[in-house]
Structure formats: C-alpha cells, structure tokens
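Listed below are the residues making up each chain.
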Amino acid sequence: MAVFSLFKLSMLLSLLSDVKLGSWPGILTQKEAVAVGGFPQQCNRIECPTYDVINSGEGYEIRVYNSSMWATTSPIDDISFVDGTRTGFLQLFNYIQGKNNYNEQIEMTAPVLTEIAPSDGPFCESSFLVSFYVPKKNQVDPPPATGISIQKWGPTYVAVRQFGGFIKDSDVGVEAAALSASLSGTTWLDAIKKSHSRDITTVYTVAQYNSPFEFDNRVNEIWFKFDM
C-alpha cells in the first residue's frame, strides 16, 4: 500500500512544479542508457493490464491485450504532448483520489497512456486523450465521474516500441517514426495502415510506466493499436 501512495504522491508533487523540463515538470530530461525490452519490470510491483506477446522483431513487439476497463479524459487540445499529458493526468489524479461519484480512492496503476491525434501542421494543436488502467478490484464497477469516461477494451492488438529516459515533446514523433520504420515490410504495418485509413493523421499512443522520481531503468513505449 505504501508503494502505491508514494507513487501517487510523487506524481502530484511533480505535476504541481513550475519547472517544465521533461514529460513531467521538475525532472531532468537526459535520456539515460537503460536496458528495455520485454515485460516492463515496473509491473512486478504495480498493477498493469495483462497481455500476450504474439510476435517480435528488431525494434518492435506485437501484443494482444486482454479485455480491460480504462478511465479516460475528454479530448485535450494542446500544442505540447508534455502539457497535454500533465493536464490529463491531473484530472485522473483527482479521480483516483476520490473525486468520483462513489467518493472512492483507487490504487495507482501503470502505464498512464496518452493517445495522440497529431495536428496537420507544425504550429497547430494536437488532440490528447489521457487514460488510466482501472485496477482489477474496480473493473466490474469503475466509479463514474464528471469529465471522465470509462472505456471498455475488448482484446486489443498493439505494436510496441520501448525506449528509456524522460520524454520530451521532440522525442514522441521520432520514436513513433522509428516504430513505423521497424515494422516496414511486415503484415503488421499493413494491418495498422488499414486500421487507421480513416485518420487524417496516424493516431498513436505513448505509455509511461514510472513515477517522475524514478531516475533509473525508466520504461516508455510507443503504441500503434490496430485490428486484425
């Protein structure tokens, strides 16, 4: 229980900081060399959604996530991934602290997801949806709340690229492009393109697993969700 409380407290303290150096304010942005790949070790100590790995290659992994419930913000329009995620996480932090219709506190989970619908121009606002995985304890009846929607995922295919460090705005597009390049020539990229054929720009997701005060062995992921 203490681990979850510390995680939530560190998130809040960092979000309330005025320094804007990384994905969470108040944190250095250097991208330390860390070993990433496979099951995120953070999920050994904090609850995460379950999945199966069905394929992997150089620079990518294909997962199928099991059915699950997620609490999701309304769309947030911002020019910055960092600022959009901060805004959304504050809403979700209030939600798990008990500002919901059941006045119920909810344990922190990982990852925090930010789905990005990129803008079609360099100085235009993108649209962000920030989501929190609802713990198993609350999956049957997640507390409703104003401004928060509960999303039910069926089995979901995801192409994943992992990377370390603290995320800056400039990292997001680079890592998404790297995932796309690593999938080049595979049937997975064909499925992703087909699934996103109606998008004006390709929608993708950033997953963050760590508290802002964890400096070592940080794990982040770029996700392309798709249908098969």
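Residues numbered from 1 in each chain as written. Predicted model: local features only at pLDDT ≥ 70, side-chain atom pairs only at ≥ 80, totals over all residues. Heavy atoms only, no water.

## Concerning the overall build of the protein chain
Selection criterion: Starting at the N terminus, helices and strands are each numbered in turn, a helix being any DSSP run of H or I of at least four residues and a strand any DSSP run of E of at least two. Accessible area is worked out with a 1.4 Å probe on protein chains only. A residue is then buried under 20% of its type maximum, exposed over 50%, and partly exposed in between. Any two residues whose heavy atoms approach within 4.5 Å are treated as being in contact.
In terms of helices and strands, the protein chain carries four helices and 10 strands. Shown N-terminal to C-terminal, the secondary structure of the protein chain runs as helices and strands in the order α-β-β-β-β-α-β-β-β-β-α-α-β-β. Every one of the 228 residues in the protein chain was classed for burial, and the buried ones make up 50%. Restricting to contacts in the protein chain with at least 6 residues of sequence separation, those with at least 24 account for 75%.

## Some thoughts on the pattern of salt bridges
Pairing is possible between side chains that carry opposite charge, provided their charged atoms lie close to one another. To be explicit about the condition: By definition here, a salt bridge exists when the distance from a side-chain nitrogen of Lys or Arg to a carboxyl oxygen of Asp or Glu is within 4 Å.
Counting across every chain of the model gives seven salt bridges. A salt bridge links R45 to E214; its shortest N-O distance comes to 2.4 Å. Remark: E214 occurs in the loop between β9 (204–208) and β10 (220–226) and R45 occurs in the loop between α1 (2–15) and β1 (51–57); sequence separation between them is 169 residues. Overall, R45 belongs to the partly exposed group, its relative accessible area being 37%.

## Some details on the nonpolar core
Note the cut-off: For our purposes a nonpolar core is just a set of buried Ala, Val, Leu, Ile, Met, Phe, Trp, Tyr and Cys residues, chained together by side-chain atoms within 4.5 Å.
The biggest cluster of nonpolar side chains holds 54 residues, and the ones touching the most others in it are F81, L183, Y209, W223 and F224. Examining the composition of this core, we find that seven residues originate from one element, helix α2 (residues 81–96), more than from any other.

## Digging into helix α3 (residues 169–182)
Worth spelling out the cut-off: Directions from the helix axis toward the C-beta atoms define the arc.
Turning to α3, its buried residues number three or more, namely D171, V172, E175, A176, L179 and S182. The arc enclosing the buried residues of α3, seen along the axis, measures out at 130 degrees, which places them on a common side. Turned more than 90 degrees off the buried face of α3, the exposed positions are S170, V174 and A181. The secondary structure elements touched by the buried residues of α3 are β2 (60–65), α2, β5 (112–117), β8 (156–163), β9 and β10.

## Here we look at the side chain of E214
Heads up, the condition is: The definition of a polar contact used here is a pair of N or O atoms within 3.5 Å, where within protein one atom must be able to donate a hydrogen and the other to accept one, and adjacent residues in sequence count solely through side-chain atom pairs.
At 2.4 Å, the side chain of E214 forms a polar contact with the side chain of R45. With residues up to four places along the chain from it excluded, the contact list for E214 reads R45 and F166.

## Quick notes on the environment of V140
Of note, V140 is situated in the loop between β6 (126–133) and β7 (148–153). According to the relative accessible area criterion, V140 is exposed, its value standing at 82%. C-alpha of V140 to C-alpha of S68: the two residues are 72 residues apart in sequence and 9.7 Å apart in space.

## A short note on the environment of E115
If you trace the backbone, E115 turns up in strand β5. Residues E115 and W223, 108 residues apart in the sequence, show an inter-C-alpha distance of 8.8 Å. Beyond its immediate stretch of four places on either side in the chain, E115 contacts S127, F128, L129, V203, Y204, T205 and K225.

## Things to note about the pairing of β1
To keep things clear, this is the line we draw: When DSSP locates at least two bridges between a pair of strands, those strands are taken to pair.
As paired elements, β1 and β2 share six bridges and run antiparallel to each other. Following the sheet pairing, S56 is matched in β2 by E61.

## Looking at helix α4 (residues 187–195)
Of the positions making up α4, those classed as buried are W188, L189, A191 and I192. Projection of α4 onto a plane perpendicular to its axis shows the buried side chains occupying an angular sector of 160 degrees, all on one side. Exposed residues on α4 whose side chains face more than 90 degrees from its buried face are T187, D190, K193 and K194.

## Comments concerning the confidence of the model for the protein chain
The test is simple: Along the chain, pLDDT gives the predictor's confidence residue by residue, from 0 to 100.
Model confidence for the protein chain is summarised by a mean pLDDT of 85, while 82% of its residues fall at 70 or above. No element of the protein chain has a lower mean pLDDT than α1, which averages 48, and none a higher one than strand β3 (residues 68–73), which averages 98. Per-residue pLDDT stays below 50 along residues 12–35; that stretch engages in 60 contacts with residues further than four places along the chain or on separate chains.

## Description of the pairing of β5
For a regular strand, side chains alternate in direction, first toward one face of the sheet and then toward the other. In this sheet, β6 lies alongside β5 in antiparallel orientation, the contact comprising six bridges. Pairing of A117 across the sheet is with S127, part of β6. Both β5 and β9 contribute to a ladder of five bridges, which runs antiparallel. Counterpart to E115 in the pairing with β9 is T205.

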